[in-house]
Amino acid sequence: MQVDANWPEVQLIILNYETMPAACLDDDPRAPQVAAHIGAAINLHLPNVIVEHVGSTAVPGCAGKGVIDLMLLYGDGRLEEAKSLLVALGFQPQNTRDPFPESRPMRIGAIEFEGSMFRLHVHVIAMDSPEVAEFRTFRDALRADPQMVADYVARKRQIIASGVTDSLDYSVEKGSFIQGRVTEN
């Protein structure tokens, strides 16, 4: 990953993650810059991992919850090393009622860029996990199909309009849309 010129050095100041009510926010075109910076900083310390930008913020024009989702893909026997690095960089364990298991963790944090706060989810996944293909397939399908993006955003807005405010409930509700599209492709 290449670091954007707006970041003078590959440094991270990971801030505490703020849990917020579920929302469907407009696309922020700066998200890929932030994702690339986080990935480059992780790779500076762990060059043997792959960091990929996934989720709505990885798809131009796709509204979402405003969280940058990254996959940190590690090789055999490197899970503890990956988790330790994320802690050292300032990422925190999840603080929701149903966190991912420590055998497939997600770490959270936030970073300020150009006066805005960007919340971060780093999904720590084994390189050979089937989940990797699921993340990539859905992201790539959205990138290739503007109608699918429109349908996905409409579904998210429908969920919010129905009164869902819990981010975990929101994720479960939109899960059927994602699963339907991942199995189609």
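First, a word on scope: everything that follows refers to the structure included in this document.

Definitions and cut-offs
Residues numbered from 1 in each chain as written. Predicted model: local features only at pLDDT ≥ 70, side-chain atom pairs only at ≥ 80, totals over all residues. Heavy atoms only, no water. Core = buried A, V, L, I, M, F, W, Y, C linked by side-chain atoms within 4.5 Å. Buried < 20%, exposed > 50% of the residue type's maximum accessible area, 1.4 Å probe, protein only. Helix = DSSP H or I, 4+ residues; strand = E, 2+ residues; numbered from the N terminus. Contact = heavy atoms within 4.5 Å. Polar contact = N/O pair within 3.5 Å; in protein donor to acceptor, adjacent residues only side chain to side chain. 1 Å grid on protein atoms, 1.4 Å probe; cavity = no way out; pocket = protein on both sides within 12 Å on 5 of 7 lines; lining within 4 Å. Points joined across faces, edges and corners; volume = space filled by probe spheres on them. Nonpolar A, V, L, I, M, F, W, Y, C, P; charged D, E, K, R; others polar. Axes fitted to C-alpha atoms, helices over the stretch in contact; angles between N-to-C directions. Parallel < 35°, antiparallel > 145°, perpendicular 65-115°, else oblique. Pairing = 2+ DSSP bridges.

Thoughts on the nonpolar core
Turning to step 1, where the next piece is worked out: Counting residues in hydrophobic clusters, the biggest one holds 28 residues, and the most contacted among them are Ile-38, Ile-42, Leu-72 and Phe-91.
Turning to step 2, where the next piece is worked out: Of all the elements in the fold, those that place two or more residues in this core are helix H1 (31–45), strand S2 (67–74), helix H2 (79–89), strand S4 (106–113) and strand S5 (116–126).
Turning to step 3, where the next piece is worked out: With six residues, the top contributor of residues to this core is H1.
Turning to step 4, where the next piece is worked out: Other than its neighbours up to four places away in sequence, Leu-72 contacts Ile-42, Val-49, Ile-50, Ala-82, Leu-86, Val-122, His-123, Val-124 and Ile-125.
Turning to step 5, where the next piece is worked out: Grouped together as the second largest cluster of nonpolar side chains are 16 residues, Ala-63, Val-149, Tyr-152 and Ile-159 included.

Regarding the side chain of Gln-94
Turning to step 1, where the next piece is worked out: Mapping Gln-94 onto the fold places it in the loop between strand S3 (92–93) and S4.
Turning to step 2, where the next piece is worked out: The exposure class of Gln-94 is buried, given its relative accessible area of 16%.
Turning to step 3, where the next piece is worked out: A distance of 2.7 Å separates a polar side-chain atom of Gln-94 from the backbone nitrogen of Phe-100.
Turning to step 4, where the next piece is worked out: Not counting residues within four places of it along the chain, the set of residues in contact with Gln-94 comprises Pro-99, Phe-100, Met-106 and Ile-108.

As for the layout of surface pockets
Turning to step 1, where the next piece is worked out: Put simply, the largest pocket is a space of about 1,000 Å³.
Turning to step 2, where the next piece is worked out: Lining the largest pocket are 44 residues, and of these Lys-65, Phe-100, His-123, Ser-171 and Lys-174 sit closest to its centre.
Turning to step 3, where the next piece is worked out: Mapped by element, the contributors of at least two residues to the lining of the largest pocket are S2, S4, S5, helix H3 (130–144) and helix H5 (167–184).
Turning to step 4, where the next piece is worked out: Residue contributions to the lining of the largest pocket peak at nine residues, all from H5.
Turning to step 5, where the next piece is worked out: A breakdown of the residues in the lining of the largest pocket according to their chemical character gives 20 nonpolar, 15 polar and nine charged.

Digging into the packing of H3 against helix H4 (residues 146–161)
Turning to step 1, where the next piece is worked out: Closest axis-to-axis distance for the H3/H4 pair is 5 Å, and the angle between their directions is 110°. Considering their axes alone, H3 and H4 lie roughly perpendicular with respect to each other. In this structure, H3 uses Phe-138, Ala-141, Leu-142 and Ala-144 to contact H4, whose residues at the interface are Pro-146, Met-148, Val-149 and Tyr-152.
Turning to step 2, where the next piece is worked out: Taken together, the residues of the contact of H3 with H4 sort by class into eight nonpolar, no polar and no charged.

Some details on the sheet that holds S2
Turning to step 1, where the next piece is worked out: Taken in spatial order, the five strands line up as S1-S2-S5-S4-S3 in an open sheet, and their pairing is mixed. One side of each edge strand has no neighbouring strand; the edge strands of this open sheet are strand S1 (50–54) and S3.
Turning to step 2, where the next piece is worked out: Sheet topology note: the S1/S2 ladder contains five bridges and is antiparallel. Note that in S2 the partner of His-53 across the bridge is Leu-70.
Turning to step 3, where the next piece is worked out: Contacts from H3 reach S1, S2 and S5, with the element oriented near 45° to S1.

Brief notes about the side chain of Gln-92
Turning to step 1, where the next piece is worked out: With respect to the helices and strands, the residue Gln-92 is situated in strand S3.
Turning to step 2, where the next piece is worked out: Taking relative accessible area as the criterion, Gln-92 reaches 16% and is therefore assigned buried.
Turning to step 3, where the next piece is worked out: Among the polar contacts made by the side chain of Gln-92, one reaches the main-chain carbonyl oxygen of Leu-15 at a distance of 3.2 Å.
Turning to step 4, where the next piece is worked out: A distance of 2.9 Å separates a polar side-chain atom of Gln-92 from the backbone nitrogen of Tyr-17.
Turning to step 5, where the next piece is worked out: The residues touching Gln-92, leaving out its near neighbours within four places in the chain, are Ile-14, Leu-15, Asn-16, Tyr-17, Met-106, Arg-107, Ile-108 and Gly-109.

Coordinates in, geometry out; function isn't part of it.
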